[in-house]
Amino acid sequence: MNNILRIAIQKSGRLQEGSLKLLKDCGLNISNGKDQLKTQAGNFPIEVLFLRDDDIPQYIEDGVADAGIIGENVFIEKQKKGNIIKRLDFSKCRLALAIPRSEQYTGLTWFEGKNIATSYPNIVSDYLKKNNIKAGIHEISGSVEIAPGIGLADAICDIVSTGSTLLSNGLKEVELVLKSEAVLISRIQLEKSKQDILDKLLFRIEAVQQARNNKYILLNCPNESIEAITNVIPGMKSPTILPLGKEGWSSLHSVVDENDFWEKIDQLKALGAQGILVIPIEKMIK
Ligand code: ATP
Ligand code: ZN
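Residues numbered from 1 in each chain as written. Chains lettered and ligands numbered in written order. Predicted model: local features only at pLDDT ≥ 70, side-chain atom pairs only at ≥ 80, totals over all residues. Heavy atoms only, no water.

> So what's going on with unusual backbone geometry? Residues and values would help.
A positive phi angle is found at Gln79, which is not glycine, with a value near 50°. On the secondary structure map, Gln79 appears in the loop between helix H3 (72–78) and strand E5 (83–87). Phi is positive for Asn132, which is not a glycine, with a value near 60°. Note on placement: Asn132 falls in the loop between helix H4 (121–130) and strand E8 (136–139). (Helix = DSSP H or I, 4+ residues; strand = E, 2+ residues; numbered from the N terminus.)

Structure below.
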């Protein structure tokens with residue numbers, strides 16, 4: 001079917017919630033995939049396939065799915081044909097090398113001649129090659145962190161988020177191999193009708209991401225600080241300024257970037273802003 005875009009997401013696991021939330025925030029009317037393999041959005045020409053994340057790159061290469069949401073780590077590891085078209089800013093994690101805590105780490109040469117257990121043999125092998133280290137790679141599909149403890153390997157390369165799993169297995173992180181987040185991938189070549197649908201979806205994803213990264217801000221200020229405050233929070237074009245009932249005061253409305261939000265608030269207070277309200281934005285189109 002050419003007039004419908006098939007997008008694959010993880011059926012259950014750490015990517016599922018973020019993927020579904022993103023598609024729903026993009027206005028797609030879809031159910032949550034419990035006990036079903038696919039669902040058609042009620043109001044958009046998209047069909048969602050619920051799959052194991054590890055299978056998604058192959059399905060994209062084979063053309064069974066047109067697009068997918070997957071961890072960059074898995075996409076790189078699988079080495080299948082497809083393009084990363086958007087980084088999605090959720091399911092952030094890192095792939096790291098870890099060794100027993102009792103070992104003294106001397107730098108990458110520590111790994112020379114050692115055995116590394118991992119579920120990411122391709123990524124690890126590329127990393128070692130790039131750094132001119134010769135080590136053995138022992139591929140295992142799960143519970144990688146117990147490998148050194150049971151004598152299966154000298155070290156591991158695995159996903160780390162907080163490090164507490166490493167700690168409880170007597171390991172310490174020593175090298176960052178790859179930073180990862182969820183990404184939107186697509187087939188190398190899409191028919192025009194499908195590309196058009198993907199472009200529409202991308203437009204919506206960008207509006208959702210912009211909104212997530214920005215806040216709407218309202219404040220009261222004395223008229224003489226309007227110019228200085230406008231320099232701090234210029235907004236999308238310029239702030240909206242409305243006179244207050246109180247003589248010499250105005251209400252100023254603008255948009256502020258989430259990342260430097262607190263710093264801006266301090267500057268605004270110093271410029272005499274009062275009654276500052278900060279409101280989430282649902283969608284933002286520049
Ligand atoms: P299975 O295939 O058996 O469901 P999995 O390990 O592939 O297991 P998840 O644990 O759900 O599946 O992880 C899916 C993806 O989520 C990972 O490939 C990675 O990109 C990301 N991820 C993994 N761990 C974390 C974490 N602690 N925090 C954020 N993202 C993570
Ligand atoms: Zn998986």
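Back to the text.
> Describe the packing of aromatic side chains, listing the residues and the values that go with them.
Per the stated rule, a full pass over the model turns up 3 aromatic pairs. Above the face of the Trp110 ring, Lys114 is positioned so that its terminal group lies 4.2 Å from the ring centre. (Phe/Tyr/Trp six-rings, centres within 6.5 Å; stacked < 30°, edge-to-face > 60°. Lys NZ or Arg CZ within 6 Å of the ring centre and 35° of its normal.)

> Quick rundown of the domain arrangement of the chain? Include the residues and the values.
You can read the domains of the chain as domain 1 (5–91 + 181–211), domain 2 (93–180) and domain 3 (214–280). Here the C-alpha centre of domain 2 lies 30 Å away from the C-alpha centre of domain 1. Listed as interface residues are 9 residues of domain 1 and, on the opposing side, 11 residues of domain 2. At the boundary of domain 1 with domain 2, total buried surface from both sides reaches about 790 Å², with 47% on carbon and sulfur atoms. (Domains from an automatic or database assignment. Contact = heavy atoms within 4.5 Å. Buried area = accessible area lost by both parts, 1.4 Å probe.)

> Lay out the coordination of the zinc ion (ligand 2) in plain terms, naming residues and giving numbers.
Taken together, the protein ligands of the zinc ion (ligand 2) are Asp53 (OD) and Asp54 (OD), with distances of 2.0 Å. Between the 4 donor atoms coordinating the zinc ion (ligand 2), the angles at the centre fall across 72 to 147°, so the site counts as irregular. Judged by relative accessible area, Asp53 falls into the buried class, the value being 14%. (Donors = N, O, S within 2.8 Å, 3.2 Å for Na, K, Ca; no water. Tetrahedral: all angles 85-135°; square planar, octahedral: opposite > 155°, others 65-115°. Buried < 20%, exposed > 50% of the residue type's maximum accessible area, 1.4 Å probe, protein only.)

> Talk me through the layout of surface pockets; I want residue IDs and the actual numbers.
Of the voids in this model, the largest pocket is the one considered here, and its volume is about 1,000 Å³. Every residue lining the largest pocket is counted, 34 residues in all, and those nearest its centre are Arg14, Asn73, Tyr120, Asp158 and Ile159. Both domain 1 (5–91 + 181–211) and domain 2 (93–180) contribute no fewer than three residues apiece to the lining of the largest pocket. What lines the second largest pocket is a set of 13 residues, and nearest its centre among them are Glu206, Ala207, Gln209, Gln210 and Asn213. (1 Å grid on protein atoms, 1.4 Å probe; cavity = no way out; pocket = protein on both sides within 12 Å on 5 of 7 lines; lining within 4 Å. Points joined across faces, edges and corners; volume = space filled by probe spheres on them.)

> How would you explain the sheet that holds strand E15 (residues 274–280) if you had to name every residue and give the values?
With antiparallel pairing, the 4 strands of this open sheet are ordered in space as E13-E14-E12-E15. The strands lining the two open edges of the sheet, one partner per strand, are strand E13 (240–243) and E15. Averaged over all neighbouring strand pairs, the angle between strand axes comes to 20°, with direction disregarded. One ladder, built from 4 bridges, connects E13 with strand E14 (residues 249–257); its direction is antiparallel. (Pairing = 2+ DSSP bridges. Axes fitted to C-alpha atoms, helices over the stretch in contact; angles between N-to-C directions.)

> Provide a residue-level description of the sheet that holds strand E6 (residues 93–100), including the pertinent values.
With respect to topology, 5 strands assemble into an open sheet ordered E8-E7-E9-E6-E10, the strand pairing being mixed. Since the sheet does not close on itself, it has two edges, and those belong to E8 and strand E10 (171–180), each with one partner. The sheet shows a mean angle of 30° between the axes of neighbouring strands, taken without regard to direction. Examined bridge by bridge, E6 and E10 share 8 bridges and lie antiparallel to one another. Bridging from a neighbouring strand, Pro100 pairs with Leu171 of E10.

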